[in-house]
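Descriptive structure summary
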Amino acid sequence: MPSSTKKAQDKTQMPRPNKDLLVKRLNRIVGQVSGITRMVEEEKYSGDILNQVAAARSALDALGLILLEQQTQDCIAQALKTGKGEEAAAQLMQVVKKVRG
């Protein structure tokens, strides 16, 4: 198996101890977004819709922070196992840059 394929496979199969928490948060976010859709369809006041958009964005940011924490722990653990600290730090910085936009 080519190393690039193995790396991609390894990244997708990481254990996620907080999976239930993440799914619960995602379901709540889906509900918020559905509510925003309903508000637009019902022609609600734009200020109220914007408040809900801000709440959904905040919920997504909180979810992202949980995932970033897990990614940081994974990178540190991998660096300690393999002794490839620079590679792990570079990988972590790529993720941080994606999260920050």
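Residues numbered from 1 in each chain as written. Predicted model: local features only at pLDDT ≥ 70, side-chain atom pairs only at ≥ 80, totals over all residues. Heavy atoms only, no water.

What follows deals with the overall build of the chain. Looking only at helices and strands, one finds four helices and zero strands in the chain. Going from the N terminus to the C terminus, the chain shows its helices and strands as α-α-α-α. Counting over 101 residues, the chain shows a buried share of 19%. Long-range contacts, defined as pairs at least 24 residues apart, comprise 57% of the intrachain contacts of the chain with a sequence gap of at least 6. Surface exposure of the chain reaches about 8000 Å², of which carbon and sulfur atoms provide 56%. (Helix = DSSP H or I, 4+ residues; strand = E, 2+ residues; numbered from the N terminus. Buried < 20%, exposed > 50% of the residue type's maximum accessible area, 1.4 Å probe, protein only. Contact = heavy atoms within 4.5 Å. Areas by Shrake-Rupley, 256 points an atom, 1.4 Å probe, with all protein chains shown as cover.)

As a further point, take the packing of helix 3 (residues 46-82) against helix 4 (residues 85-100). The contact between helix 3 and helix 4 brings their axes to 8 Å, and the two run at 170°. With respect to their mutual orientation, helix 3 and helix 4 come out roughly antiparallel. Helix-helix and strand crossings are classified by hand; for helix 3 and helix 4 the assignment is right-handed. Here L68, Q71, T72, C75 and A79 of helix 3 come into contact with helix 4, specifically with G85, A88, Q91, L92, V95 and V96. Looking at the contact of helix 3 with helix 4 residue by residue, the classes come out as seven nonpolar, four polar and no charged. (Axes fitted to C-alpha atoms, helices over the stretch in contact; angles between N-to-C directions. Parallel < 35°, antiparallel > 145°, perpendicular 65-115°, else oblique. Left-handed = near helix turned anticlockwise from the far one by under 90°. Nonpolar A, V, L, I, M, F, W, Y, C, P; charged D, E, K, R; others polar.)

The end-to-end C-alpha distance of helix 2 (residues 19-41) is 33 Å, a good match for the 33 Å that 23 residues give at a rise of 1.5 Å each. What helix 2 keeps buried is the set L22, I29, Q32, G35, I36 and M39. Contact partners of the buried residues in helix 2: helix 3. (Expected span 1.5 Å × (residues − 1).)

On to the pattern of salt bridges. Under the defined criterion, the tally for this structure stands at one salt bridge. Salt-bridge contacts for K44 lead to E42; the nearest nitrogen and oxygen are separated by 3.7 Å. By relative accessible area, K44 is classed as partly exposed at 42%. Judged by its relative accessible area of 47%, E42 falls in the partly exposed class. (Salt bridge = Lys/Arg side-chain N within 4 Å of Asp/Glu carboxyl O.)

Chain-level statistics for the chain give a pLDDT mean of 85 and a share of 86% at 70 or above. Of all the helices and strands in the chain, helix 1 (residues 3-12) carries the lowest mean pLDDT, 47, while helix 2 carries the highest, 96. (pLDDT = per-residue confidence, 0-100.)

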